[in-house]
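Residue-level structural notes
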Amino acid sequence: KEAIADYEHTKKEYLICGNGAADLIFSLSRALNPKKALLPAPTFAEYEQALVSVGCEISRYYLKEENDFCIQKDYPDVLKREKPDIIFLCNPNNPTGITIPQDLLEEILETCAMQGIFMVVDECFLDFVKDPEKHTLKEKEAELNMMMKMLLKGKLEKYPGLFILKAFTKRYAIPGVRLGYGFCSDRKVLDRMEAVTQPWNVSTMAQQAGMAALKESEYVEAGRQIIFRESAWMKEKMRQVGLTVYPSEANYIFFYGPEDLFERCVAKGILIRDCSNYLG
């Protein structure tokens, strides 16, 4: 926790670690036991899986193709109308790779605070966006130093109903190690999460791997640059062969192609993610 807090420029007291991000999604759902949730569609399937496991009713906010699957400015109004207990937003979204404009994200956060809605923001893929500091709801390093001098409170302190989710999996390419973490200034929420999860959910090996990985700043930046360069090349080539490519900003490309493309790619030794089982 101390190593992560140092890396993320936040307080150790705001941190909780889990057996991957999915572990935290499930323990948060059990800890809060919400009755109604609002989820974008399409988005990461585990949010719904975790919420349904505690009997939560799910409402949908459908992302439309004509808007490049972006969340629109009407989202705060939908929140006021639907009145969910909790929302999950993936930023950038999985599987679309689209980020939420920062001003809209701030407005959603303010709306949730006023309406008493718990807001979960999944930033697991944010490391692969070109300017992640422009999209995060976590304190930015420069802001944090200024706030310390001016004794101002950061977003996590100002909004105890905000939970930010992150993971080592994507940044360091270690999915099997299972190491995720989250931030929240409401210590009661974190205590309830720890009370409902299994003991020793983060292995000693995962902890050691995590502490070693946090020192690998050169690797992370080199990986980011490869992604930026290769994804730009890949998108261009995909468009040239007639595929519809959406403006994904993450380390994956969201596109529309022939229904049999998965099978044709497998024959060439290439695995793609078929998104047809995503709602919306």
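Quantities reported herein were computed from a predicted structural model and do not represent experimental measurements. (Residues numbered from 1 in each chain as written. Predicted model: local features only at pLDDT ≥ 70, side-chain atom pairs only at ≥ 80, totals over all residues. Heavy atoms only, no water.)

1. Quick notes on the layout of surface pockets
Of the voids in this model, the largest pocket is the one considered here, and its volume is about 1,400 Å³. Lining of the largest pocket is provided by 41 residues; of these, Ile253, Phe255, Ile272, Arg273 and Cys275 occupy positions nearest its centre. Going through the elements one at a time, helix 11 (217–240), strand 9 (255–256) and helix 12 (261–267) are the ones with two or more residues in the lining of the largest pocket. In terms of residue count, the dominant contributor to the lining of the largest pocket is helix 11 (7 residues). Among the residues forming the lining of the largest pocket, the class breakdown is 26 nonpolar, 6 polar and 9 charged. (1 Å grid on protein atoms, 1.4 Å probe; cavity = no way out; pocket = protein on both sides within 12 Å on 5 of 7 lines; lining within 4 Å. Points joined across faces, edges and corners; volume = space filled by probe spheres on them. Helix = DSSP H or I, 4+ residues; strand = E, 2+ residues; numbered from the N terminus. Nonpolar A, V, L, I, M, F, W, Y, C, P; charged D, E, K, R; others polar.)

2. Considering unusual backbone geometry
Here the amide bond leading from alanine 41 into proline 42 is cis, since omega sits at 5°, within 30 degrees of zero. Relative to the assigned elements, proline 42 resides in the loop between strand 2 (36–41) and helix 3 (45–52). In this structure, the amide linkage connecting asparagine 91 to the following residue, proline 92, adopts the cis form with an omega of 0°. Inspection of the secondary structure assignment puts proline 92 in the loop between strand 4 (86–90) and helix 5 (102–115). One non-glycine residue, phenylalanine 69, adopts positive backbone phi at about 60°. Looking at phenylalanine 69, the relative accessible area reads 9%, which means it is buried. You will see that arginine 178, though not glycine, has its phi angle at about 60°, which is positive. By the element assignment, arginine 178 lies in the loop between helix 8 (168–172) and strand 7 (180–183). (Buried < 20%, exposed > 50% of the residue type's maximum accessible area, 1.4 Å probe, protein only.)

3. Some words on the pattern of salt bridges
Inspection of the entire model under this criterion finds 14 salt bridges. Taking the shortest distance from any N to any O, the salt bridge between glutamate 2 and lysine 12 comes out at 3.4 Å. Here glutamate 2 is found in helix 1 (residues 2–8), whereas its partner lysine 12 is found in the loop between helix 1 and strand 1 (15–18), with 10 residues between them in sequence. Glutamate 2 gets classed as exposed once you look at its relative accessible area, which sits at 58%. Given the relative accessible area of 36%, lysine 12 is considered partly exposed. Measuring nitrogen to oxygen at the nearest pair gives 3.1 Å for the salt bridge that ties arginine 187 to aspartate 191. You can see arginine 187 and its partner aspartate 191 sitting in helix 9 (residues 187–196), 4 residues apart, about one turn around the helix. A relative accessible area of 30% means that arginine 187 is categorised as partly exposed. (Salt bridge = Lys/Arg side-chain N within 4 Å of Asp/Glu carboxyl O.)

4. What about empty space enclosed by the protein?
Enumeration over the complete set of coordinates arrives at 1 cavity of 30 Å³ or more. The calculated volume of the largest cavity comes to roughly 70 Å³.

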